[in-house]
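Here is what each chain is made of, one letter per residue.
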Amino acid sequence: NVMAVRTRRAGGGQGERERVQSLCEVESSILEKHWGPFDLIRMMERCALSCCVEDDDGGLVGFAAFHHAPLVGDFKPSMWIDDVKRMWSTNMGDGEDVDYSNTLVLNFFHSEHAHEEQALNEVLKMAFNTFSQVEHVLLFIPVSIPLFKPLLGNFEPLVLQADVKNNYGCYHVNRKEVVGEVVVRLAMVEDHDDLMPIFKAQNEDADAYGEFFLAQMIQSQDETNKALVAELNGKAVGILGVTGDMSLAALQEAFELETYDFLVQGYAEAAVKLHEDHVARERMRKEEHERQVQEMLAEARRAAREEVEEEYSQMMDERADKQEEEDADKTPEELEAEEKEREEMFDQELAQRIEAAEEEALMEIGEFLAHPEPSVDLQTLSSNTVCITLFCLDPRLDSQVHKLLEPALDLFPDKEYCILTKRHTARQSSLIHLFHPVPEKLGCNFSHALYICHRASLLWPMQVSRAGEGDVEEVSDFLEGEQSKDQVLSSLRDAAKLESVFLARLEGQLSAIAVVTPSKEPATFSKWFELEQFMSPGLYGSDEHLELLHLLVNPIFLKRVPEILRELLRITETFCLHASVRDAKAMPRAYDTLTYIPCRRLAPSSPPQDLDPAKTALEPNLPMPEGPPALLHTNFRLLSQPKKDLDDRIVIIGGSETSVGFADAIMSVPYLNLHRVSYVSSGGLSLRPPLYKRRSLSLSDPEYRQHAVSRGCRVVEGNIAQLDREEQVVSVRMDNGETVEMKYDHLVLAAGFRDTIMDRLQLWLAPPPPPPPPPPPPPVISSHVFNAGTSMESSHPSTSTRRMHSMHG
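Just so it is clear, the model here is predicted, and its values are computed rather than measured.

Caption draft 1: Spotlight on the overall build of the chain. Looking only at helices and strands, the chain features 22 helices and 30 strands. Counting every position in the chain, which comprises 809 residues, the buried fraction comes to 48%. Taking the intrachain contacts of the chain between residues at least 6 apart in sequence as the baseline, contacts between residues at least 24 apart amount to 77%. Carbon and sulfur atoms form 51% of the exposed surface of the chain, whose accessible area is close to 41700 Å².

Caption draft 2: Local environment of helix H12 (residues 332–365). Given a rise of 1.5 Å per residue, 34 residues ought to cover 50 Å, and the 49 Å separating the end C-alpha atoms of H12 matches this to within 8%. After H12 finishes, the residue glycine 366 shows a positive phi value of roughly 80°.

Caption draft 3: Seen up close, helix H7 (residues 192–202). Along H7, the positions that sit buried rather than exposed are His192, Leu195, Met196, Ile198, Phe199 and Gln202. Elements that come into contact with the buried residues of H7 comprise helix H8 (213–219), strand S9 (225–232), strand S10 (235–243) and strand S11 (385–393).

Caption draft 4: View of the packing of aromatic side chains. Following the criterion strictly, the structure yields 14 aromatic pairs and no others. Relative to phenylalanine 108, the ring of tryptophan 35 has its centre 6.0 Å away and its plane inclined at 45°; by these criteria the two rings are tilted. Of this pair, tryptophan 35 sits in helix H2 (residues 28–35) while phenylalanine 108 sits in strand S4 (residues 103–111), and the two are 73 residues apart along the sequence. Judged on exposure class, the residue tryptophan 35 and its partner phenylalanine 108 are both buried. Centroid distance phenylalanine 255 to phenylalanine 446: 5.4 Å. Interplanar angle 70°. Geometry classified as edge-to-face. Pair noted here: phenylalanine 255 is in the loop between helix H9 (249–254) and helix H10 (267–318) and phenylalanine 446 is in the loop between strand S13 (436–437) and strand S14 (449–454), with a separation of 191 residues, a long-range link.

Caption draft 5: Representation of the sheet that holds S14. Pairing is mixed across the open sheet formed by seven strands, whose spatial order is S8-S9-S10-S11-S12-S14-S13. Sheet topology places strand S8 (183–186) and S13 at the edges, where each strand pairs with a single neighbour. With six bridges joining them, S10 and S11 adopt antiparallel strand pairing. The partner of isoleucine 239 across the bridge, within S11, is cysteine 392. Sheet contacts for H7: S9, S10 and S11; angle to S10, the most-contacted strand, approximately 70°.

Caption draft 6: Highlighting a negative patch on the surface. Residues Glu341, Glu343, Glu344 and Asp347 make up a contiguous surface patch of negative charge. By the secondary structure assignment, glutamate 344 is in helix H12.

Caption draft 7: Quick look at the nonpolar core. Ranked by size, the top nonpolar core spans 110 residues in total, and within it Phe63, Phe66, Leu106 and Phe155 carry the most contacts. By residue number, the principal contributor to this core is helix H5 (residues 116–130), which donates seven residues. Contacts of phenylalanine 66, omitting those with residues within four sequence positions, involve Cys47, Ala48, Leu49, Cys51, Leu104, Val105, Leu106, Asn107, Val123, Leu124, Ala127 and Val137. Counting 28 residues, the second-largest nonpolar core is a separate cluster that includes Leu240, Leu397, Ala408 and Cys418.

Caption draft 8: Structural context of the pattern of salt bridges. Evaluation of the coordinates by the stated rule reveals 38 salt bridges. In this structure, glutamate 544 and arginine 46 form a salt bridge, with 2.7 Å as the shortest nitrogen-oxygen distance. With glutamate 544 in the loop between helix H16 (523–528) and strand S18 (545–553) and arginine 46 in helix H3 (residues 40–46), this residue pair connects regions lying 498 residues apart in the sequence. Among the residues examined, glutamate 544 registers a relative accessible area of 13% and is labelled buried. We classify arginine 46 as buried; its relative accessible area is 8%. The partner of lysine 485 in a salt bridge is glutamate 480, and the shortest N-O contact between them spans 2.9 Å. Classification of lysine 485 as buried rests on a relative accessible area of 17%. Looking at glutamate 480, the relative accessible area reads 56%, which means it is exposed. The network of salt bridges with common partners includes Arg6, Arg8, Glu16, Arg19 and Glu54.

Caption draft 9: The side chain of glutamine 133, seen in detail. Inspection of the secondary structure puts glutamine 133 in the loop between H5 and strand S5 (136–142). On the basis of relative accessible area, glutamine 133 is assigned to the buried category, the value being 15%.

Caption draft 10: Geometry of the sheet that holds strand S7 (residues 168–174). Taken in spatial order, the seven strands of this open sheet run S1-S2-S3-S4-S5-S7-S6, and their pairing is mixed. The two strands at the open ends of the sheet, each matched to only one other strand, are strand S1 (5–9) and strand S6 (156–157). Relative to strand S2 (residues 49–55), S1 runs antiparallel, the two being bridged by five bridges. The partner of arginine 9 across the bridge, within S2, is cysteine 51. Here helix H1 (residues 14–25) sits on the sheet and contacts S1, S2, strand S3 (60–67) and S4; the angle it forms with S3, its principal contact strand, is near 100°. Most of the contacts of helix H4 (residues 80–87) go to S5, to which it runs at about 70°, and overall it touches S4 and S5.

Caption draft 11: Layout of the environment of serine 519. As for its placement among the helices and strands, serine 519 is situated in the loop between strand S17 (509–518) and H16. C-alpha of serine 519 to C-alpha of histidine 545: the two residues are 26 residues apart in sequence and 5.5 Å apart in space. Ignoring any residue separated from it by four or fewer positions in sequence, one finds serine 519 in contact with Phe525, Ser542, His545, Leu546, Glu547 and His578.

Caption draft 12: Looking closely at the environment of asparagine 445. You can see asparagine 445 is positioned in the loop between S13 and S14. Distance in space between the C-alpha atoms of asparagine 445 and arginine 649 is 9.3 Å, their sequence separation being 204 residues. Ignoring anything within four residues of it in the chain, the contact list for asparagine 445 reads Glu440, Arg649, Glu741, Met742 and Lys743. Among the polar contacts made by the side chain of asparagine 445, one reaches the main-chain carbonyl oxygen of glutamate 741 at a distance of 2.7 Å. In terms of polar contacts, asparagine 445 uses its side chain to reach the backbone amide nitrogen of lysine 743, at 2.9 Å.

Caption draft 13: Seen up close, the confidence of the model for the chain. Per-residue confidence for the chain averages 85 on the pLDDT scale, and 84% of its residues sit at or above 70. Of the regions scoring below 50 in pLDDT, residues 776–809 engages in 63 contacts with residues more than four places distant in sequence or in other chains.

Caption draft 14: Expanded view of the pairing of S5. Across the seven residues of S5, seven count as buried, placing the element largely inside the fold. Of the two faces of S5, the one carrying His136, Leu138, Phe140 and Pro142 and the one carrying Val137, Leu139 and Ile141 are both buried. Inspection of the sheet shows S4 paired to S5 by three bridges, in the parallel sense. By the bridge assignment for S5, leucine 104 is matched with valine 137. Once you follow S4 into H5 and on to S5, the crossover reads as right-handed.

Caption draft 15: The arrangement of the pairing of strand S25 (residues 677–681) in detail. The element S25 is largely enclosed, with a buried count of five among its five residues. Where burial is concerned, the two faces of S25 agree: the one with Val677, Tyr679 and Ser681 and the one with Ser678 and Val680 are both buried. Pairing geometry for strand S23 (residues 650–653) and S25, over four bridges, is parallel. Bridged to isoleucine 653 within S25 is valine 680.

The rules behind each value
- Residues numbered from 1 in each chain as written.
- Predicted model: local features only at pLDDT ≥ 70, side-chain atom pairs only at ≥ 80, totals over all residues.
- Heavy atoms only, no water.
- Helix = DSSP H or I, 4+ residues; strand = E, 2+ residues; numbered from the N terminus.
- Buried < 20%, exposed > 50% of the residue type's maximum accessible area, 1.4 Å probe, protein only.
- Contact = heavy atoms within 4.5 Å.
- Areas by Shrake-Rupley, 256 points an atom, 1.4 Å probe, with all protein chains shown as cover.
- Expected span 1.5 Å × (residues − 1).
- Phe/Tyr/Trp six-rings, centres within 6.5 Å; stacked < 30°, edge-to-face > 60°.
- Pairing = 2+ DSSP bridges.
- Axes fitted to C-alpha atoms, helices over the stretch in contact; angles between N-to-C directions.
- Patch = residues over 30% accessible without salt bridge, like charges linked within 9 Å, V, L, I, M, F, W, Y side chains within 5 Å.
- Salt bridge = Lys/Arg side-chain N within 4 Å of Asp/Glu carboxyl O.
- Lys, Arg positive; Asp, Glu negative; His and termini not counted.
- Charge placed at Lys NZ, Arg CZ, Asp CG, Glu CD.
- Core = buried A, V, L, I, M, F, W, Y, C linked by side-chain atoms within 4.5 Å.
- Polar contact = N/O pair within 3.5 Å; in protein donor to acceptor, adjacent residues only side chain to side chain.
- pLDDT = per-residue confidence, 0-100.
- Right-handed = clockwise from strand over helix to strand, strands pointing away.

Here it is, written out as structure tokens:
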């Protein structure tokens, strides 16, 4: 009887390592002959994918390790494919060939003999399902060892080139032979019976659609509504429904879609033309206004001069007779002086009258008021997207989901984008891994999350290479408007720097730029950060760490960041990559792929020498003391772990250290991608002044600076004004006076309570008072509301929030 086995990722704990070592210990000498000297713990930590195979009773019966390069022989990770092509014939037929993006290496496999066939088949399936772009798996065995079971019969040898000798034989298996290859075609009504069991298994409310829902949908296809079927061995195993007929107004109003031209065709051209027309109209209006101003000023001056001259003439006529008698007794000098005085009086009066007339004229015509620039009328432009209306696929073929999406877009050659909307309670499908979420506008409260995919993001492979002097102009154009442009260009032009600039291209078009440098002191990170939670620092050499200085990615390729980072590690022959960020608020979205590493507890910072720490509250605008930066990290193993997108709307009412700790805890879970989290606090994250002190359960100043709240978290500057639990809506009064309503699926109340009497009396060094009697039991709280930080002195944020995370998943 064939016994069933199941495969999972190998864990990194001590217990898991001991189980794997125990499995391989008995036949270790034989395994060393087959695979060369091996270190199981090192492989589990450093390889891109390590798998454990278990039987029905949970017993460990197999282990395998895959990586993006061979771990035996003299192969260099940066050029091992070139060596393979030089030594073996790698033409797999149908024009296929191995390259760095589509090939994986099986570096170790062992299983109990009773399960070896099933175990090998399952680990190969897991490898192909984990890396959707991988089409080939190679393995290298010493030529002195004949291929053994279960590899024999599953792997085929590659033919060694003439006049080439090597100590290892190279063997090959492709995706088609392990998981099969789906064929995509238009759906037919006859596919209903094959698809309905899959549809019901993946949709809890499938019965609400009716018994013949799929048949009716397939039958109703037209020019704008299509359904494609994935077929394997003559049987329909998946269906994808798309439509090109949809209204985009609600999505354009609710989501930040300007980056994607609001999903309409010709938006950029229309926006440029509208701007140019607006500038031309405003220039003409301003010129006309200036002409009118000059005309009115000239008229005002003329009228003022005529008025003053007429008054002066009348005054002189009235005094003419008397003036002759008075002037008879005066000398010529006196007469000249009086005449000069009268002219000065005339000029002064004329100037005053003209100034008053000009002011009156300007008040009458008013200042030039520029008209606001109109926005493009999106309703007049054609849609540039199709929308997913239905999807289900046999989970065994999840890694081939892109083969359904590509032809679906080909049915609408004039569309560049594909979108899907998803309720937070809906089951996550494999299709979502090809899409990335779109941020929602504040206060719009759309019921579904929006995901987007550009057809270019489905192209393979992403070519990563070092930049040269000839790429300066192209890089400069790509970085136009970016703050880091000068720094990147400086790294590119200065050959003396240790910094290297890498370019990622798709079909020759520049898609991303990365600047890296060898890490100078990787050992210091273990001192300041809790790296041991995510890796084993002792299993990496000091020269195997890479520092990421800049990463700029075209937004449509955000889902390809793991692939870019893997290539950076391979080309530089390193295993770990980290980025240190001083300003967490400015963290780019491309860094979401990296894992946030919590900081260890830090000592309170020292106050300036001329400042009494008990009087810091009386000193305005004190600079926050410097601390270690936020540390982001990844390696081959973490890059292969897919992140689960959570669409729950989480609103954190903050303003306290507890809320910062809670937000840090949920935003730094390495296998989750939360993109609908809002942190509400008056003043945002820069509210607290430096304290130069720390109670045992609070954050020191450097710790407060070093947080990851801004990683994918919307920071809302305001205070809660009203809460409606039935409708799950919280009203927030913004610091700018506006009020917005925010719907939530989970509300976290962590505003914090703190006794400020000691601070007011400057007695914070005194021993704390005895604890108060226990409070009465709290009222029952809705299942949609989490309450954190409501005690006078709660546990340290990093502790309390991790406990909450373990409770609520």
